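Chain by chain, the residues:
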Amino acid sequence: MMKNILTFIAGLAFGIGLIISGMTNPAKVIGFLDIFGNWDPSLMFVMLGAIPISFIGFKFIEKKASTIFNEPLHLPGKTHINTELIVGSLLFGSGWALAGLCPGPALVALGSGSSKAMIFVVAMLAGMYVHDHLYKNIFKSN
Amino acid sequence: MSINWSEFNPITSLLGGGILGIGTIILILFRGRIAGISGIVGALMQFKNTPKDHHLWRILFLLGLVSSSLIYSLFLPFPSVNITTDFTSLILAGVLVGFGTRMGSGCTSGHGICGLGRLSPRSLVATLGFMGAGFITCYIFLHLIN
């Protein structure tokens, strides 16, 4: 029960952080990505605020090698670099800049009742579904 | 290039970043999971041969995330969500973000915050990729075409 409440709180803190940071305002995000125009560097500070905290947390837990409740960690590998990683990230970055929304902020904006965010989220879910259930089955069937 | 000082607010961005960093830590410390939003959402749409806890923790985390705007607006006015993109581009952007994050195994949260926090070379490559593509796309649409 405690574990489930904490999981909900983790999502809540993540969302509140996104709101306060300015990440949920697409105009702000586009202002940050527009380095060749009138650049607003604010959102660089989101990473500067988040990464040191994440660094300390992961350092601690990777050393402990289990959760606080002594359950296994689910950590992805760090070194595998392939074409899919690069092409996927490039596609994601261009979509991010086009709308000023990435997955987390899009879901928070959806909760705020933005109808445009809803359109974006539906298209995003479709894109994910096409990759995981169609594209992967065709190109990675072996 | 010039700096838009009138919109520049590093303190709130730093504070927000710190709070979402804490969310990330809570999830890994108590649930052993990475706070990668695209991965969590994508895996939620899988139903074949999934382990017992596959859906529950993801639903709980996303419930927290989606309801954060409601809970925030109980105390403070919710900041504007200013989406200027037209309908067609919005659909295209959504599909690119959905497909791209699943192909590249992560987004700004999973690669940018968790991965870089773990000093993962894989996530560094991904982050440079989506940031670079973001800068170039903005340049094309805001300065080259217009």
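The coordinates are above.
What comes next is a walk through the structure. (Residues numbered from 1 in each chain as written. Chains lettered and ligands numbered in written order. Predicted model: local features only at pLDDT ≥ 70, side-chain atom pairs only at ≥ 80, totals over all residues. Heavy atoms only, no water.)

**Comments concerning the overall build of chain B**
Within chain B, the regular secondary structure consists of six helices and one strand. In sequence order, chain B lays out its α and β elements as β-α-α-α-α-α-α. If one aligns the C-alpha atoms of chain B with their principal axes, the spans along those axes are about 50 × 35 × 35 Å. Counting across all 146 residues of chain B, residues that qualify as buried make up 56%. For chain B, restricting intrachain contacts to residue pairs at least 6 apart in sequence, the fraction spanning at least 24 positions comes to 42%. For chain B, the exposed surface amounts to about 6700 Å²; the carbon and sulfur share of it is 71%. (Helix = DSSP H or I, 4+ residues; strand = E, 2+ residues; numbered from the N terminus. Buried < 20%, exposed > 50% of the residue type's maximum accessible area, 1.4 Å probe, protein only. Contact = heavy atoms within 4.5 Å. Areas by Shrake-Rupley, 256 points an atom, 1.4 Å probe, with all protein chains shown as cover.)

**Details of the interface of chain A and chain B**
Across the boundary between the two partners, chain A contributes 106 residues, which contact 108 residues of chain B. Here chain A meets chain B over a buried area of about 9900 Å², counting both sides, of which 76% is carbon and sulfur. Interface area lost by chain A to chain B is led by Phe14(A), Lys78(A) and Leu98(A), which between them contribute 7%. At the boundary of chain A and chain B, one finds two salt bridges. In this structure, the salt-bridge partner of Asp132(A) is Arg102(B), at a minimum N-O distance of 2.7 Å. Where chain A touches chain B, the interface holds 33 residue pairs in polar contact (both at pLDDT 80 or more). The set of elements that each furnish at least two residues to the side of chain A that touches chain B consists of helix H1 (2-21), helix H2 (26-33), strand E1 (38-39), helix H3 (44-64), helix H4 (83-99), helix H5 (103-111) and helix H6 (115-139) of chain A. Top contributing element to the side of chain A that touches chain B by residue count: H1(A), with 18 residues. Residue classes in the side of chain A that touches chain B are distributed as 65 nonpolar, 32 polar and nine charged. (Buried area = accessible area lost by both parts, 1.4 Å probe. Salt bridge = Lys/Arg side-chain N within 4 Å of Asp/Glu carboxyl O. Polar contact = N/O pair within 3.5 Å; in protein donor to acceptor, adjacent residues only side chain to side chain. Nonpolar A, V, L, I, M, F, W, Y, C, P; charged D, E, K, R; others polar.)

**What to know about the pattern of salt bridges**
Enumeration according to the criterion identifies six salt bridges over all chains in this entry. Asp53(B) is paired through a salt bridge with Arg31(B); the nearest N and O atoms lie 3.0 Å apart. Taken as a pair, Asp53(B) in the loop between helix H2 (37-44) and helix H3 (56-75) and Arg31(B) in helix H1 (residues 10-31) lie far apart in primary sequence, 22 residues in all. A network of salt bridges, in which partner residues are shared, links Glu62(A), Lys78(A) and Arg118(B).

**A few points about the packing of H5(A) against H3(B)**
Relative to each other, H5(A) and H3(B) sit at 55°, their axes nearing to 7 Å. Here H3(B) runs oblique to H5(A), going by the angle between their axes. Considering only the axes of H5(A) and H3(B), their crossing is right-handed. Facing Gly104(A), Leu107(A), Val108(A) and Gly111(A) of H5(A), the residues of H3(B) in contact are Leu62(B), Leu65(B), Val66(B), Ser68(B), Ser69(B) and Leu70(B). Each residue belonging to the contact of H5(A) with H3(B) can be placed in one class, and the counts come to six nonpolar, four polar and no charged. (Axes fitted to C-alpha atoms, helices over the stretch in contact; angles between N-to-C directions. Parallel < 35°, antiparallel > 145°, perpendicular 65-115°, else oblique. Left-handed = near helix turned anticlockwise from the far one by under 90°.)

**Regarding the environment of Ile35(A)**
Here Ile35(A) lies in the loop between H2 and E1. Setting aside chain neighbours within four positions, we find Ile35(A) in contact with Met1(B) and Phe135(B).

**Side note on a nonpolar patch on the surface**
On the surface, a nonpolar cluster with roughly 750 Å² of combined accessible area is contributed by Phe36(A), Ile136(B), Tyr139(B), Ile140(B), Phe141(B), Leu142(B), Leu144(B) and Ile145(B). Structurally, Tyr139(B) is set in helix H6 (residues 121-144). (Patch = residues over 30% accessible without salt bridge, like charges linked within 9 Å, V, L, I, M, F, W, Y side chains within 5 Å.)

**What about the environment of Ala133(B)?**
Among the structural elements, Ala133(B) can be located in helix H6. Excluding residues that lie within four positions of it along the chain, Ala133(B) makes contacts with Leu90(A), Gly93(A) and Ser94(A).

**Things to note about the nonpolar core**
Counting residues in each nonpolar core, the largest one holds 65 residues, and the members touching the most others are Trp96(A), Phe120(A), Ile37(B), Phe61(B) and Leu62(B). At seven residues, H1(A) tops the list of elements feeding residues into this core. Those residues in contact with Ile37(B), other than ones at most four positions away along the chain, are Phe14(A), Pro103(A), Gly104(A), Leu107(A), Phe61(B), Leu62(B), Leu65(B), Cys107(B) and Ser109(B). (Core = buried A, V, L, I, M, F, W, Y, C linked by side-chain atoms within 4.5 Å.)

**Considerations on H3(B)**
What sets the pattern is the α-helix's 3.6 residues per turn: residues three or four places apart point alike. Across its 20 residues, H3(B) extends 29 Å between first and last C-alpha, which sits within 8% of the 28 Å expected from 1.5 Å per residue. Restricting attention to buried positions, one finds in H3(B) the residues Trp57(B), Arg58(B), Leu60(B), Phe61(B), Leu62(B), Gly64(B), Leu65(B), Ser67(B), Ser68(B), Ser69(B) and Tyr72(B). (Expected span 1.5 Å × (residues − 1).)

**Considerations on the packing of aromatic side chains**
Counted under the stated rule, the structure contains eleven aromatic pairs over all chains. Ring-pair connections join several aromatic residues into one group, and the members of that group are Phe45(A), Trp5(B) and Phe8(B). (Phe/Tyr/Trp six-rings, centres within 6.5 Å; stacked < 30°, edge-to-face > 60°.)

The quantities given are spatial measurements derived from coordinates; they are silent on function.
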